[in-house]
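Residue-level structure breakdown
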Amino acid sequence: MTTTLPGAVGTPLARLEGPEKVTGAARYAAEYRQDGIAYAWVVQSPVPRGRLNAVLADPTADALAVLWHGNAPRLEPADDPELAVLQSDRISYRGQPVALVVADTLEAARRAAQVLRLDITPEDHDARLRADHPGLYTPETVNPGFPAESAAGDVERALAAAPVTVDVTYSTPALHNNPMEPHATIARWNGDDLVLYDSNQHPSGVAETVAAVFGLEPAQVHVVTEHVGGGFGSKGTARPNAVLAALAARVVGRPVKLALPRQAMFSVVGHRTPTIQRVRLGAERDGTLTAIDHQAIGHTSRLFEFAEQTAVVTRHMYAAPNRRTGHRLVRLDMPTPRWMRAPGEAPGMVALECALDELAEALGLDPIELRVRNEPGAEPEGGTPFTSRHYVECLRAGAERFGWAGRDPRPRQRREGDWWIGTGVAGATYPTMAQPSTARARARADGGFEVAIGAADLGTGARTILTQIAADALGVPVERVRIRIGDSTLPKASVAGGSSGSASWGWAVTGACRRLRETGGDEATFDTTELVERQEKEGRHAFGAHFAEVRVDAVTGEVRVSRLFGMYAAGRILNPRTARSQFLGGMIMGMGMALHEEGVLDEAIGAWVNHDLAEYHIPAHADVESIDAAWLDERDEQINPMGSKGIGEIGIVGSPAAIVNAVWHATGVRVRDLPVRLDKLLTAWSQ
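Residues numbered from 1 in each chain as written. Predicted model: local features only at pLDDT ≥ 70, side-chain atom pairs only at ≥ 80, totals over all residues. Heavy atoms only, no water.

What follows deals with helix α13 (residues 576–595). In this model α13 runs 28 Å from its N-terminal to its C-terminal C-alpha over 20 residues, within 8% of the 28 Å that 1.5 Å per residue would give. Burial analysis of α13 places 14 of its 20 residues in the buried class, the great majority of the element. Backbone nitrogen of Arg577 and a side-chain oxygen of the N-cap are separated by 2.9 Å at the start of α13; the cap is Asn575. (Helix = DSSP H or I, 4+ residues; strand = E, 2+ residues; numbered from the N terminus. Expected span 1.5 Å × (residues − 1). Buried < 20%, exposed > 50% of the residue type's maximum accessible area, 1.4 Å probe, protein only. Polar contact = N/O pair within 3.5 Å; in protein donor to acceptor, adjacent residues only side chain to side chain.)

Printed below as a string of structure tokens:
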């Protein structure tokens, strides 16, 4: 093994846990051996609204317990009503857990659940989002606490006076996180203390939430999250599987394993809300924006208000003296939307960046030049200076790498055989955040060091990056550093979300290791809470530009992405190998958003009918032909001691718009309701 000397940060160190994962030694939530384990199967509501009157179990079924609201132990009130499982007769969406069967084997539990009889009184339901819904309202705030509306100047007057305007509506469907590892929990009670082996993005947060639900102190709940097979936001908070497993284990007096089947991932754990977005732009004939108006509509559930911050991204991208953004919601008899990779920015930039492309067409202006001409000198709303902003450099450098020069701006000009070929561009941005975290560093007797923080590695490479950060702060090779993460008993860390993990945890790890080195003691801790709270929150973003080349079959309408390229300015890149993986993963997910992914709603039953990976389409290897990412050499010392920004989500922001814009350039057809399907293109061609 080659020794990595101090200066580890910035080197392409391979994932430390890689050998464990490829040999099967890494343990995920459902893989911890327990003596006497029982298995649970969730029974989901077959109706989207109504009341559960009774549950009738088959006496021949081999079940240890059948739990429902009529016999389940009472829980304490929860801030999240989704966690009040089996506590009420109310049914709020199709797929909601209404009963739980526990048996000695998984097969017995599943069979007993299949023959369970539910006495339900169904009620009329409402499941479809529409722009004219009478129940639309403006929430007080949108996630995670932004004002729902913002305004400056006189938008209507500016639009009326603008020589060139665009007024378009884009819509995005419901999208589903679908990490490789479904949500799973093993629960074991040791007296009044609870141990959870749970797949999540925030061990200490899950411990606190579950403790409150069961009336315990947080220290009584021990959450182990050693390895996580992806989350994309859906595992950022405690989900019903954790509470159900703990309930079942308490009732049967044995450890209980509950692993959600893939179909349940489309209802129980959240989704990205569908959106309807109207964007209006006004510009001078030279392309200078005079007005921006971005209004977004989404849905939430009857149980819990979740307001996606869809239009907030428009507040940060381009200069215009007259501007307005707004959000409206409607409560439907549907599952509660939740966090999904780049919540807000991913769907919001589809509408904004495609509308800009339409404006460039109306102006007869290169779409890159249009963006450059509207580059702000500070935050467009509020005037806060940016700590760093190299968006224009990403556009320029990306265009050169991609080969943008000489592009004919007219659509439907390039054809090779049956394939129309086009290119498109879109901007990218994501806020740079740090959240309070605490780390501990200890000197070991063998000359090594143990660094502990209750973070979660979702497969992003966090464990490896934190080792590199610690090694540099201690001034030792990475081989002398052992990182402990994924446990709620370790020093408290923030959630693995918002592209804030490395910044938040790395800051705490840097502080603890530097303190240990400076004091020469055996142990040191460092809490970033006070430092983070003192930081200015505005003017902190990563930026990027996406470029796409597509070809569209003139006969069948099939769309293929020939090339996809991203150029980023995301602070100091801590590990080029894991960073590239994150960028590419986000871009591929963006490809899915543009061309493949779509929750197909059956309004009559109030459910998405394509609730598995056979029918919910995501990009496969054959869909990804040529994809690459690069980045500028940027360091932003105002952000954190490492000078890094988040990279986990920016890849999905803007990449769908670049592909949609390329489809227009290839075909002359604007598809404004995602995804771009061949039937939509063929219909447009036939008109």
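Strand order in the open sheet formed by 7 strands is β3-β5-β1-β14-β11-β12-β13, and the pairing between neighbours is mixed. Only two strands of the sheet have a single neighbouring strand rather than two, namely β3 (65–68) and β13 (221–224). Recorded for the sheet is a direction-independent mean angle of 20 degrees between the axes of neighbouring strands. As paired elements, strand β11 (residues 184–190) and strand β12 (residues 193–198) share 6 bridges and run antiparallel to each other. From the neighbouring strand, Ala187 faces β12, where its bridge partner is Leu196. Across the sheet, helix α2 (residues 106–114) touches β1 (38–44) and β5 (97–103), and the angle it forms with β1 is around 25 degrees. Relative to the sheet, helix α5 (residues 240–252) contacts β1, β3, β5, β11, β12 and β14 (256–259), its axis offset from that of β11 by approximately 35 degrees. (Pairing = 2+ DSSP bridges. Axes fitted to C-alpha atoms, helices over the stretch in contact; angles between N-to-C directions. Contact = heavy atoms within 4.5 Å.)

Among the structural elements, Thr578 can be located in helix α13. Leaving out residues up to four positions away in the same chain, Thr578 has contacts with Arg15, Thr460, Gly461 and Ile465.

Attention now moves to the nonpolar core. If you look at the biggest cluster of nonpolar residues, it comprises 132 residues, and the most contacted ones within it are Phe214 and Leu359. Not counting the four nearest positions on each side in its chain, Phe214 is found in contact with Leu75, Glu76, Trp189, Val243, Ala246, Leu247 and Arg250. Counting residues in each nonpolar core, the second largest holds 40 residues, with Ile469, Ala493, Cys513 and Leu574 among its members. (Core = buried A, V, L, I, M, F, W, Y, C linked by side-chain atoms within 4.5 Å.)

This part covers the packing of aromatic side chains. On inspection of all chains with the given rule, the structure shows 12 aromatic pairs. Each ring, one from Phe306 and one from Trp339, has its centre 5.1 Å from the other, and the planes form 80 degrees; the classification is edge-to-face. With Phe306 in the loop between β16 (289–301) and α6 (314–317) and Trp339 in the loop between β17 (322–332) and α7 (345–363), the pair connects residues that are 33 residues apart, well separated along the chain. Given a relative accessible area of 28%, Trp339 falls into the partly exposed group. Ring centres of Phe583 and Trp631 lie 5.7 Å apart, and the angle between their planes is 40 degrees; on these two criteria the pair is classed as tilted. Of the two residues, Phe583 is situated in helix α13 and Trp631 in strand β28 (residues 627–631); the sequence distance between them amounts to 48 residues. A connected cluster of aromatic rings, assembled from ring pairs, spans Tyr318, Phe386, Tyr391 and Phe543. Its guanidinium or amino end placed over the ring of Trp189, Arg250 lies 3.8 Å from that ring's centre, counting from NZ or CZ. Directly above the ring of Trp664 sits Arg670, whose terminal nitrogen or CZ lies 4.1 Å from the centroid. (Phe/Tyr/Trp six-rings, centres within 6.5 Å; stacked < 30°, edge-to-face > 60°. Lys NZ or Arg CZ within 6 Å of the ring centre and 35° of its normal.)

Once that is clear, we can look at the confidence of the model for the protein chain. When pLDDT is averaged along the protein chain, the result is 96, and 99% of the positions lie at 70 or above. Of the regions scoring below 50 in pLDDT, residues 1–5 engages in 8 contacts with residues more than four places distant in sequence or in other chains. (pLDDT = per-residue confidence, 0-100.)

What the rule picks out here adds up to 52 salt bridges. Arg278 serves as the salt-bridge partner of Asp167, at 2.6 Å between the closest nitrogen and oxygen. Here the residue Asp167 occupies a position in strand β10 (residues 164–172), and Arg278 occupies one in strand β15 (residues 275–283), the gap between them amounting to 111 residues. Overall, Asp167 belongs to the partly exposed group, its relative accessible area being 47%. A salt bridge links Asp357 to Arg670, with the shortest nitrogen-to-oxygen separation between them at 3.0 Å. Residue Asp357 is found in helix α7, and its partner Arg670 is found in the loop between α14 (655–667) and α15 (678–686); the two are separated by 313 residues along the sequence. Just as Asp357 is buried, Arg670 falls in that class too. (Salt bridge = Lys/Arg side-chain N within 4 Å of Asp/Glu carboxyl O.)

Structurally, the position occupied by Asp623 is in the loop between β27 (607–608) and β28. There is a polar contact of 3.4 Å between the side chain of Asp623 and the side chain of Arg560. Side-chain polar atoms of Asp623 contact the backbone nitrogen of Ala620, separated by 2.7 Å. Contact partners of Asp623, with chain neighbours within four places excluded, come to Arg560, Val561, Met591, His596 and Ile618.

Where burial is concerned, most of strand β25 (residues 559–569) is hidden: 10 out of the 11 residues are buried. Between strand β24 (residues 541–553) and β25, which follow one another and run antiparallel, lie 5 residues, and Gly557 among them has a positive phi close to 80 degrees. The pairing of β25 with β28 spans 5 bridges and is parallel. Across the sheet, the residue bridging to Phe565 is Asp628, located in β28.

Glancing now at the sheet that holds strand β23 (residues 523–527). Sheet strands pair by backbone hydrogen bonding; their relative direction is either parallel or antiparallel. Strand order in the open sheet formed by 4 strands is β22-β21-β20-β23, with mixed pairing between adjacent strands. Edge strands, defined here as strands with exactly one partner in the open sheet, are β22 (481–484) and β23. On average, adjacent strands in this sheet sit at an angle of 15 degrees to one another, irrespective of strand direction. For strand β20 (residues 438–443) and strand β21 (residues 449–452), the ladder comprises 4 bridges, and the chain directions are antiparallel. Across the sheet, the residue bridging to Ala441 is Val451, located in β21. The sheet strands contacting helix α10 (residues 462–474) are β21 and β22, and the helix crosses β22 at an angle near 135 degrees.

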